[in-house]
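Analysis of the macromolecular model
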Amino acid sequence: MSLYDDTVLVLKGFEGQEELRQSYLDHLTAHPDGMWKACHAGHITASALVIDPERGRVLLTLHRKLRMWLQMGGHCEPGDATLEAAALRETTEESGIRGLTLLAGGPVRLDRHPIPAPCHWHFDVQYAVLAPLDAEHAISDESLDVRWFGYDEVAQVADDSVVRLLEQTRARLGA
């Protein structure tokens, strides 16, 4: 199965955000290259919130280009077998943490946002990953900083998209 086919199946199985989910599917139907950064009409991205529920905190990256505190994630690559694999690869690369585990249940939420030209949109599929107990993070080339924030600190440093991702992740965890 191709990454495109996997993504369509993931989106068809995603419950919630029905109108937005359908816009993702419509985009992929209209743009068979919609998985890749080269699709200037917009493309799928895969991200994940690194969460440490034992300590009530999340790991965010200060994005080098955007200069915003965000969850880890980015573009799909030809070697990604699944959308989950893309999210896990990107999150591992950007956090430096080995042994991350995807939170069960598939994507947590979807977030479509405009990006600077030449592309127009990121169709982000957002997951959550659990950090190992003694996780040690590192700063990647894509980040200015990587830092743990308590749940109650996230709204002070991050935008509404990250806040909603944290809320949905905590709801899935029952926290």
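Here, the structure is the one placed above.
Residues numbered from 1 in each chain as written. Predicted model: local features only at pLDDT ≥ 70, side-chain atom pairs only at ≥ 80, totals over all residues. Heavy atoms only, no water.

1. A few points about the packing of helix 1 (residues 3-13) against helix 2 (residues 18-30)
Test applied: The axes used here are C-alpha line fits, helices contributing only the stretch in contact, and every angle between their N-to-C directions lies in the interval 0 to 180 degrees. In this text, helices come from DSSP runs of H or I with a minimum length of four residues, and strands from runs of E with a minimum of two, each type numbered from the N-terminal end. Each angle gets one of four labels, with under 35 degrees taken as roughly parallel, over 145 as roughly antiparallel, 65 to 115 as roughly perpendicular, and the rest as oblique. Rotating anticlockwise by less than a right angle from the far helix to the near helix defines a left-handed crossing, while the corresponding clockwise rotation defines a right-handed one. Contacts are residue-level and defined by heavy atoms, with any inter-residue pair within 4.5 Å sufficient.
The contact between helix 1 and helix 2 brings their axes to 10 Å, and the two run at 155°. It follows from the interaxial angle that helix 1 and helix 2 lie roughly antiparallel. Where helix 1 crosses over helix 2, the handedness of that crossing is left-handed. Only Arg21, Tyr24, Leu25, Leu28 and Thr29 of helix 2 make contact with helix 1, whose side of the interface consists of Tyr4, Thr7, Val8, Leu11 and Lys12.

2. With respect to the layout of surface pockets
The cut-off we apply is this: A cavity here means a set of points on a 1 Å grid, drawn over the protein atoms and nothing else, where a 1.4 Å probe fits but cannot get out; a pocket is an open set with protein on both sides within 12 Å along at least five of seven lines, and a residue lines either one if it has an atom within 4 Å of a point. Grid points are joined across faces, edges and corners, and a volume is the space filled by probe spheres set on the points. Amino acids outside the nonpolar list (Ala, Val, Leu, Ile, Met, Phe, Trp, Tyr, Cys, Pro) and the charged list (Asp, Glu, Lys, Arg) are all regarded as polar, and Gly is one of them.
The computed volume of the largest pocket comes to approximately 930 Å³. The element contributing the most residues to the lining of the largest pocket is strand 4 (residues 72-75), with four residues. Its residues placed into classes, the lining of the largest pocket shows 10 nonpolar, 13 polar and 10 charged.

3. Notes on the pairing of strand 2 (residues 57-63)
To keep it simple, the criterion reads: For every residue, the accessible area (1.4 Å probe, protein chains only) is compared with the maximum for its type, and the residue is labelled buried under 20%, exposed over 50%, or partly exposed between those bounds. Here the rule is simple: two strands pair whenever DSSP picks up at least two bridges between them.
The element strand 2 is largely enclosed, with a buried count of six among its seven residues. For strand 1 (residues 43-52) and strand 2, the ladder comprises three bridges, and the chain directions are antiparallel. Following the sheet pairing, aspartate 52 is matched in strand 2 by arginine 57. Connecting strand 1 to the antiparallel partner strand 2 that follows it, the hairpin turn spans four residues, and glycine 56 within it adopts a positive phi of roughly 65°. As defined by bridge partners, strand 2 adjoins strand 8 (residues 143-150) across seven bridges and the pair is classed as antiparallel. Following the sheet pairing, arginine 57 is matched in strand 8 by glycine 150.

4. Comments concerning the packing of aromatic side chains
Test applied: Within 6.5 Å between ring centres, the rings of Phe, Tyr and Trp (the latter by its six-membered ring) count as paired, and their orientation is classed by plane angle as stacked under 30 degrees, edge-to-face over 60, tilted in between. Whether a charge sits over a ring depends on NZ of Lys or CZ of Arg being within 6 Å of the ring centre and within 35 degrees of the ring normal.
This structure, assessed with the given rule, holds two aromatic pairs. Pairing tyrosine 24 with phenylalanine 123 gives two aromatic rings, centres 5.2 Å apart and planes at 90°, and the pair type is edge-to-face. Residue tyrosine 24 is located in helix 2, and its partner phenylalanine 123 is located in strand 7 (residues 121-130); the two are separated by 99 residues in the primary sequence. The pair tyrosine 24 / phenylalanine 123 is uniform in exposure class, with both members buried. Aromatic side chains tryptophan 69 and phenylalanine 149 sit 4.9 Å apart centroid to centroid with 75° between the ring planes, which places their arrangement in the edge-to-face category. In this pair, tryptophan 69 sits in strand 3 (residues 69-70) while phenylalanine 149 sits in strand 8, placing the two residues 80 residues apart along the sequence. When the ring centre of tryptophan 148 is taken as reference, the NZ or CZ atom of arginine 57 above it lies at 4.0 Å. The ring of tryptophan 121 has arginine 112 lying over it, and the distance from NZ or CZ to the ring centre is 5.4 Å.

5. A look at the environment of alanine 48
With respect to the element layout, alanine 48 can be found in strand 1. Separated by 77 residues in sequence, alanine 48 and valine 125 place their C-alpha atoms 8.4 Å apart.

6. As for the environment of glycine 34
Structurally, the position occupied by glycine 34 is in the loop between helix 2 and strand 1. Not counting chain neighbours up to four residues away, the residues in contact with glycine 34 comprise His27, Leu28, Cys39, Gly42, His43 and Ile44.

7. Describing unusual backbone geometry
One non-glycine residue, glutamine 17, adopts positive backbone phi at about 50°. Structurally, the position occupied by glutamine 17 is in the loop between helix 1 and helix 2. For glutamine 17, a relative accessible area of 28% gives the class partly exposed. With a phi close to 55°, arginine 67 is a non-glycine residue in the positive phi region. Its place among the elements puts arginine 67 in the loop between strand 2 and strand 3.

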